[in-house]
Amino acid sequence: EAELVEVIEASADRVEPNCEYFGECGGCTYQHISYAKQLEIKVNQFDNALKRIAHVDSLPELSAVVGSEKEYGYRNKITLSPYRTSDDALEYGYVTHGKHRTMPIDNCPIATKAIQEAIPTVKRTAWAHRNATRKKPRQATIRKDYANDEAMIYYGTAPEGFPWRREALDGKELSVPLGSFYQINEDIAPKLFSLVTEWLNELDVSLVLDAFCGSGFLSMGTDHKVIGIESDSASVTAANYNAEQWGKKNPTYKAGNANKMLTRYLNGRSDKVLILDPPRTGCGDAGLKAIERFKPDHILYVSCDPATLSRDLKGLLDFGYEIEKRALLDMFPQTFHFESVVMLKAIKK
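Given the structure is predicted, the values throughout are model-derived calculations rather than measurements. (Residues numbered from 1 in each chain as written. Predicted model: local features only at pLDDT ≥ 70, side-chain atom pairs only at ≥ 80, totals over all residues. Heavy atoms only, no water.)

Caption draft 1: Structural detail: the pairing of strand E2 (residues 77-84). Looking at chain direction, E2 and strand E5 (residues 140-145) are connected through four bridges and run antiparallel. Counted as the bridge partner of Thr-79 is Thr-141 from E5. Note that E2 and strand E3 (residues 90-95) share four bridges and pair antiparallel. Within E3, the position partnered with Arg-84 by the bridge is Leu-90. (Pairing = 2+ DSSP bridges. Helix = DSSP H or I, 4+ residues; strand = E, 2+ residues; numbered from the N terminus.)

So, in structure tokens, the structure goes:
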């Protein structure tokens, strides 16, 4: 590890960061790099992870590299950490590089305008005053509703009974509970949805099994029969509601541990496509064992972490799969993170 002391001669790709906290805040790492170069670097990150961790010698060319039209102002959700000042007041901010401390912020250029406007109010709400009395104050989350362009603040877990957030998708709306997962970039999310829908509808399969399905985002556009599995029961309720609103025929979204439930739904015919969109930690051992045992014809893996994706892919390739195609979508401009999509096909003996 090293710290920059002096720039003797600037690269043609070096630009002026757009945030006063850049270099200290632990969020963004690429603001000093032109956006075109950021995409180039992320492609290299993706390739290197697959070669180094998954041990893939020959990679198919990327089917798509999708940049974000919004290089800033794209995040529809941020989380602020609480900390005590020297006079015991409670403030909120971001964790610094190295996670040594929490620093105060009053703006975040990668967040949407509605969220930026809400940041100064985080410590002034009635909930904030109650949070300040806790021995261990909770994190503050600010989440934007796409439909009405307003931000909602909650502390710790989202309170029950609040109206669902509404996201615009393919000319329709997708409802998502306040505390449930949804894609962070409102520009890239519809493009990810369109790409996944296109890839799914190209397949001749009897079933789409959507593991870690959330509110049904990835499988809502497909023409195939869908079964979704998700541990968050609120998301499952929303997924079934969304399917009804979208006119889907006999969709089934169920609450439960996706890794443990894969055995039940992969059993039987192999002409299925399994969608994997697990947390950043990747797919669990139980899920991988079920895949090895029943071996669906296709796996569509969506990931925001190339390292855990590559780790899981190494196992899947050993089970007898090959990478058919892949794509990169820049869900997180100004950071080293990105979204990747890989389609795997079972090798027939």
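Caption draft 2: Main features of the packing of helix H1 (residues 35-52) against helix H8 (residues 306-318). Remark: H1 packs on H8, axes separated minimally by 9 Å, with the N-to-C direction vectors making an angle of 35°. Like other packed secondary-structure pairs, H1 and H8 cross with a definite hand, here right-handed. Between H1 and H8, the contacting residues are Phe-46, Ala-49 and Leu-50 on the first element and Pro-306, Leu-309, Ser-310 and Leu-313 on the second. For the contact of H1 with H8, the residue count by class is six nonpolar, one polar and no charged. (Axes fitted to C-alpha atoms, helices over the stretch in contact; angles between N-to-C directions. Left-handed = near helix turned anticlockwise from the far one by under 90°. Contact = heavy atoms within 4.5 Å. Nonpolar A, V, L, I, M, F, W, Y, C, P; charged D, E, K, R; others polar.)

Caption draft 3: Molecular detail of the environment of Met-220. Along the chain, the position of Met-220 falls in the loop between strand E9 (207-211) and strand E10 (226-230). The buried category is assigned to Met-220, whose relative accessible area is 0%. In this structure the C-alpha to C-alpha distance between Met-220 and Val-43, which are 177 residues apart in sequence, comes to 28 Å. Aside from chain neighbours lying at most four places away, what touches Met-220 is Leu-174, Phe-193, Ser-215, Ala-239, Asn-242, Ala-243, Trp-246, Lys-248 and Tyr-253. (Buried < 20%, exposed > 50% of the residue type's maximum accessible area, 1.4 Å probe, protein only.)

Caption draft 4: Fine view of the side chain of Asp-145. For Asp-145, the position within the fold is in strand E5. Other than its neighbours up to four places away in sequence, Asp-145 contacts Glu-150, Trp-164, Arg-165 and Arg-166.

Caption draft 5: Looking closely at the packing of aromatic side chains. All told, the structure shown has seven aromatic pairs when counted by the stated rule. In this structure an aromatic cluster arises from ring pairing among Tyr-182, Phe-193, Phe-217 and Trp-246. A cation over an aromatic ring shows up here: Arg-326 above the ring of Phe-46, its NZ or CZ 5.1 Å from the ring centre. (Phe/Tyr/Trp six-rings, centres within 6.5 Å; stacked < 30°, edge-to-face > 60°. Lys NZ or Arg CZ within 6 Å of the ring centre and 35° of its normal.)

Caption draft 6: Representation of the sheet that holds strand E15 (residues 339-346) within the structure. If you trace the eight strands from one edge of the open sheet to the other, you get E1-E14-E15-E13-E12-E9-E10-E11, paired in mixed fashion. Two strands lie at the open edges of the sheet, namely strand E1 (64-66) and strand E11 (252-255), each paired on one side alone. Across this sheet, the average inter-strand angle for adjacent strands is 15°, counted without regard to direction. In terms of strand pairing, strand E14 (residues 321-329) meets E15 through eight bridges, oriented antiparallel. Opposite Ile-323, over in E15, you have Leu-344 as the bridge partner.

Caption draft 7: Spotlight on the nonpolar core. Of all hydrophobic cores here, the largest spans 63 residues; its most connected members are Ile-142, Leu-192, Phe-217, Leu-300 and Val-341. At eight residues, the largest contribution of residues to this core is made by helix H4 (residues 188-201). Beyond its immediate sequence surroundings of up to four residues, Leu-300 is in contact with Val-196, Trp-199, Leu-200, Val-273, Leu-274, Ile-275, Leu-276, Val-341, Val-342 and Met-343. If you look at the next biggest cluster of nonpolar residues, it comprises 36 residues, including Val-56, Leu-274, Ile-299 and Leu-309. (Core = buried A, V, L, I, M, F, W, Y, C linked by side-chain atoms within 4.5 Å.)

Caption draft 8: Expanded view of the sheet that holds strand E4 (residues 102-104). One open sheet holds the five strands; their spatial order is E4-E3-E2-E5-E6, and the pairing between them is antiparallel. Here the strands that pair on one side only, and so sit at the sheet edges, are E4 and strand E6 (150-155). Within this sheet the neighbouring strands show an average axis-to-axis angle of 40°, counted without direction.

Caption draft 9: Molecular detail of the pairing of E11. Examined bridge by bridge, E10 and E11 share four bridges and lie parallel to one another. Each residue of the ladder has a partner; that of Ile-229, found in E11, is Lys-254. The β-α-β motif built from E10, the intervening helix H5 (residues 233-245) and the parallel element E11 has right-handed crossover chirality. (Right-handed = clockwise from strand over helix to strand, strands pointing away.)

Caption draft 10: Fine view of H8. Between its first and last C-alpha, H8 extends 18 Å over 13 residues, near the 18 Å set by a 1.5 Å rise per residue. Listing the buried residues of H8 in full gives Pro-306, Thr-308, Leu-309, Ser-310, Asp-312, Leu-313, Gly-315 and Leu-316. Each element contacted by the buried residues of H8 is listed here: H1, helix H7 (285-294), strand E13 (298-303), E14 and E15. By the N-cap criterion, in which a side-chain oxygen at the helix start approaches the backbone nitrogen of a residue two or three places on, H8 is capped by Asp-305, the distance to Ala-307 being 2.8 Å. Remark: Gly-320 follows H8 within two positions and exhibits a positive phi of approximately 110°. (Expected span 1.5 Å × (residues − 1). Polar contact = N/O pair within 3.5 Å; in protein donor to acceptor, adjacent residues only side chain to side chain.)

The values are spatial; any link to function lies outside them.
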